[in-house]
Amino acid sequence: MYFRLVLCLVFAGCSTGSNGRSDGSNDEDGAAGSRDSAIIDTNDAAIGDAAMTASGDAAMTASADAAMTASGDGAPMRAACKKQLANKIGQSFGRLDGYLTAITAPGNGPCFADPDHVHLQVTTVDGSYDIAVNVNDTSGPSVEFKTLDVALPDGAWSEGWHSGDALDYAKLGLHSKDFTALPPSQLAKTIASELASANHLSVFATPYSDGTGAHDVHRKNGGNDGALVVRPTDGTAHMLLFHFQSQTF
């Protein structure tokens, strides 16, 4: 017994439990970080695995960061929609450049929700604005939808409201037959999906009379065609375009 005690003292202690540890680190309820640290400190193989995992994670993070930087859009910034809106949008058709912060599905939800529109909130240095996007034509037929990848029309993205900017679907080479009719519920889901990762957003639209937002995000003729533009800071932006079935062009 004396000899065994001496050996234990010389070689830094003996096990006091069947698991070979006396620090309780095998407790499943203990902190995972503490448990992992203990294993890494005493196991060369674990050190190799940890280094490899750290290296792999860093590479994946760097790759994701590089992709995000390459697109220039950045990570989406979502927040609860606000009922208190800014009111600095002008009275004539134009383009709002800002950051998409909230998406409200059609229905009787918060922040201006109604059955016929998806409501977006776009935030600029002035505050948040409401954007109403038709998913239902109250006169009857469904709204038709199309996407188009093209450089942002009417100049580079610049935060704020730009009066006088114009958009004409026909000048983009589009015709009504190029669009697809979608039921309101499906169109609402499609819009939400298209905007899921959007950060910067450009909106061509007609202002509300009180300057707190804009609507008519669809074909109107005369250079006043509404649209949503995702990734507007990229060389090739992604446009969401809409028209009513009663409109032909």
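The rules behind the values
- Residues numbered from 1 in each chain as written.
- Predicted model: local features only at pLDDT ≥ 70, side-chain atom pairs only at ≥ 80, totals over all residues.
- Heavy atoms only, no water.
- Core = buried A, V, L, I, M, F, W, Y, C linked by side-chain atoms within 4.5 Å.
- Buried < 20%, exposed > 50% of the residue type's maximum accessible area, 1.4 Å probe, protein only.
- Helix = DSSP H or I, 4+ residues; strand = E, 2+ residues; numbered from the N terminus.
- Contact = heavy atoms within 4.5 Å.
- Pairing = 2+ DSSP bridges.
- Salt bridge = Lys/Arg side-chain N within 4 Å of Asp/Glu carboxyl O.

### A short note on the nonpolar core
Grouped together as the largest cluster of nonpolar side chains are 30 residues, with contacts concentrated most on Leu120, Ile131, Leu195, Val203, Leu228 and Phe242. Broken down by secondary-structure element, the contributors of at least two residues to this core are strand S1 (94-104), strand S2 (117-124), strand S3 (127-134), strand S4 (143-150), helix H4 (184-195), strand S7 (200-207), strand S9 (227-230) and strand S10 (237-244). At four residues, H4 tops the list of elements feeding residues into this core. Setting aside chain neighbours within four positions, we find Phe242 in contact with Val133, Val143, Glu144, Phe145, Tyr169, Phe179, Leu187, Ile191, Val217, His218, Arg219 and Leu228. Membership of the second largest hydrophobic core comes to 15 residues, among which are Leu148, Phe179, Phe204 and Leu241.

### What about the pairing of S9?
Judged by which residues are buried, S9 turns out to be covered on both faces: Ala227 and Val229 on one side and Leu228 and Val230 on the other are all buried. The pairing of S7 with S9 spans four bridges and is antiparallel. Of the residues in S9, the one forming a bridge with Leu201 is Val230. Across four bridges, the pairing between S9 and S10 is antiparallel. Within S10, the position partnered with Val229 by the bridge is Met239.

### Focus: the pattern of salt bridges
Evaluation of the coordinates by the stated rule reveals seven salt bridges. With a closest N to O distance of 2.8 Å, Asp97 and Arg95 form a salt bridge. Assigned by exposure class, Asp97 and Arg95 land together as buried. The salt bridge involving Asp225 is made with Arg219; its shortest N-O contact spans 2.7 Å. Note on Asp225: relative accessible area 0%, which makes it buried. One continuous salt-bridge network, built from bridges that share partners, spans Arg95, Asp97 and Asp165.

Fair warning: the whole summary comes from geometry, so function is off the table for now.
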